[in-house]
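For reference, the chains in residue letters:
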Amino acid sequence: MKKILVFFSFMLFATCAMAQKYALIDMEYILKNIPAYERANEQLNQVSKRWQAEVEALNTEASTMYKNYQNEVVFLSQDQKQKKQEAIMQKEKEAADLKKKYFGPDGELFKKRESLMAPIQDEIYNTVKEVAELRGYQMVLDRASDGAGIIFASPRIDISNEVLQKLGY
């Protein structure tokens with residue numbers, strides 16, 4: 001009895017799976033062909049480099065302060081040593097705080113990326129959804145994503161170019 005139940009369950013699953021229509025997109029390919037995405041990436045790179053330079057400048061300043069302290073330590077009183085050490089630690093903390101502000105999980109770079117990329121990603125998503133509904137696809141997979149694990153797929157089910165055309169590219 002169990003064998004029959006398992007067999008019918010398998011057949012039902014196989015029948016349902018065969019009735020599904022799937023399509024693929026290559027998100028990397030789509031994004032490479034959208035000029036706004038390339039401009040947004042360039043903007044992010046420029047901002048990131050500028051902010052990284054600010055953080056590095058503070059780190060360099062802290063490093064210079066420490067080297068000067070090491071050279072002067074034998075000539076300083078205990079109170080002067082304490083003040084110099086605190087100043088060095090304060091500068092290192094400033095650098096760490098600035099790095100967190102710019103590059104942390106909720107930092108300025110994350111917010112900037114969201115503001116620049118979200119409209120592009122939303123437009124792509126809506127277009128993919130429109131094409132999928134128009135063609136009757138139940139699922140659209142991204143072949144460029146790490147989680148997809150697609151080893152082979154027929155080029156006939158790749159709708160990347162159709163999505164780009166609907167987007168106007």
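Participant: For the side chain of S160, give the residues involved together with the corresponding values.
Facilitator: The topology assignment puts S160 in helix 6 (residues 160–167). When its relative accessible area of 2% is taken as the criterion, S160 is described as buried. Apart from the residues lying within four places of it in its own chain, the contact partners of S160 are L24, I25, D26, Y29 and I30.

Participant: For the pattern of salt bridges, give the residues involved together with the corresponding values.
Facilitator: For the coordinates displayed, the defined rule picks out 8 salt bridges. With its nearest N and O atoms 3.6 Å apart, the salt bridge here joins K83 to D79. Separated by 4 residues within a single helix, K83 and D79 lie in helix 4 (residues 78–103), roughly one turn from each other. Residue K83 is classed as exposed on the basis of its relative accessible area of 54%. Overall, D79 belongs to the partly exposed group, its relative accessible area being 47%. One salt bridge connects R143 with D158, and the closest N-O pair in it is separated by 3.5 Å. Within this pair, whereas R143 is found in the loop between strand 2 (139–142) and helix 6, its partner D158 is found in the loop between strand 2 and helix 6, the two being separated by 15 residues in sequence.

Participant: Pulling in residues and values, what's your account of the packing of helix 3 (residues 35–72) against helix 4?
Facilitator: It is at 9 Å that the axes of helix 3 and helix 4 come closest, and there the two elements cross at 165°. With respect to their mutual orientation, helix 3 and helix 4 come out roughly antiparallel. Here helix 3 runs over helix 4; the crossing is left-handed. Among the residues forming the contact of helix 3 with helix 4, the class breakdown is 13 nonpolar, 4 polar and 9 charged.

Participant: Tell me what's going on with the packing of aromatic side chains, and back it up with residues and numbers.
Facilitator: Counted under the stated rule, the structure contains 3 aromatic pairs. Measuring from ring centre to ring centre gives 6.3 Å for Y102 and F103, while their planes differ by 80°; the resulting arrangement is edge-to-face. The buried category is assigned to Y102, whose relative accessible area is 8%. An aromatic cluster of at least three residues, connected via ring pairs, comprises W51, Y102 and F103.

Participant: Just give me the short version of a nonpolar patch on the surface, but keep the residues and values in it.
Facilitator: On the surface, Y22, M139 and L141 cluster together into a nonpolar patch covering about 240 Å² of accessible area. Considering the arrangement of structural elements, one finds M139 in strand 2. Relative accessible area serves as the criterion here: at 38%, M139 is assigned to the partly exposed category.

Participant: If you had to explain the nonpolar core to someone new, which residues and values would you point to?
Facilitator: Counting residues in each nonpolar core, the largest one holds 28 residues, and the members touching the most others are I30, I34, I120, I124, I159 and V163. For this core, the elements supplying multiple residues, two or more each, are strand 1 (22–25), helix 2 (27–32), helix 3, helix 4, helix 5 (108–135) and helix 6. Broken down by element, the residue count for this core peaks at 8 residues, all from helix 5. Not counting residues within four places of it along the chain, the set of residues in contact with I124 comprises M27, I30, L31, I34 and L167.

Participant: Give me the lowdown on the side chain of D26, citing residues and values where you can.
Facilitator: Tracing the backbone shows D26 in the loop between strand 1 and helix 2. Among the polar contacts made by the side chain of D26, one reaches the main-chain amide nitrogen of E28 at a distance of 3.3 Å. Non-local contacts of D26, meaning those with residues more than four positions away in its chain, are made with D142, R143, A144, D158 and S160.

Thresholds, definitions, all that
Residues numbered from 1 in each chain as written. Predicted model: local features only at pLDDT ≥ 70, side-chain atom pairs only at ≥ 80, totals over all residues. Heavy atoms only, no water. Helix = DSSP H or I, 4+ residues; strand = E, 2+ residues; numbered from the N terminus. Buried < 20%, exposed > 50% of the residue type's maximum accessible area, 1.4 Å probe, protein only. Contact = heavy atoms within 4.5 Å. Salt bridge = Lys/Arg side-chain N within 4 Å of Asp/Glu carboxyl O. Axes fitted to C-alpha atoms, helices over the stretch in contact; angles between N-to-C directions. Parallel < 35°, antiparallel > 145°, perpendicular 65-115°, else oblique. Left-handed = near helix turned anticlockwise from the far one by under 90°. Nonpolar A, V, L, I, M, F, W, Y, C, P; charged D, E, K, R; others polar. Phe/Tyr/Trp six-rings, centres within 6.5 Å; stacked < 30°, edge-to-face > 60°. Patch = residues over 30% accessible without salt bridge, like charges linked within 9 Å, V, L, I, M, F, W, Y side chains within 5 Å. Areas by Shrake-Rupley, 256 points an atom, 1.4 Å probe, with all protein chains shown as cover. Core = buried A, V, L, I, M, F, W, Y, C linked by side-chain atoms within 4.5 Å. Polar contact = N/O pair within 3.5 Å; in protein donor to acceptor, adjacent residues only side chain to side chain.

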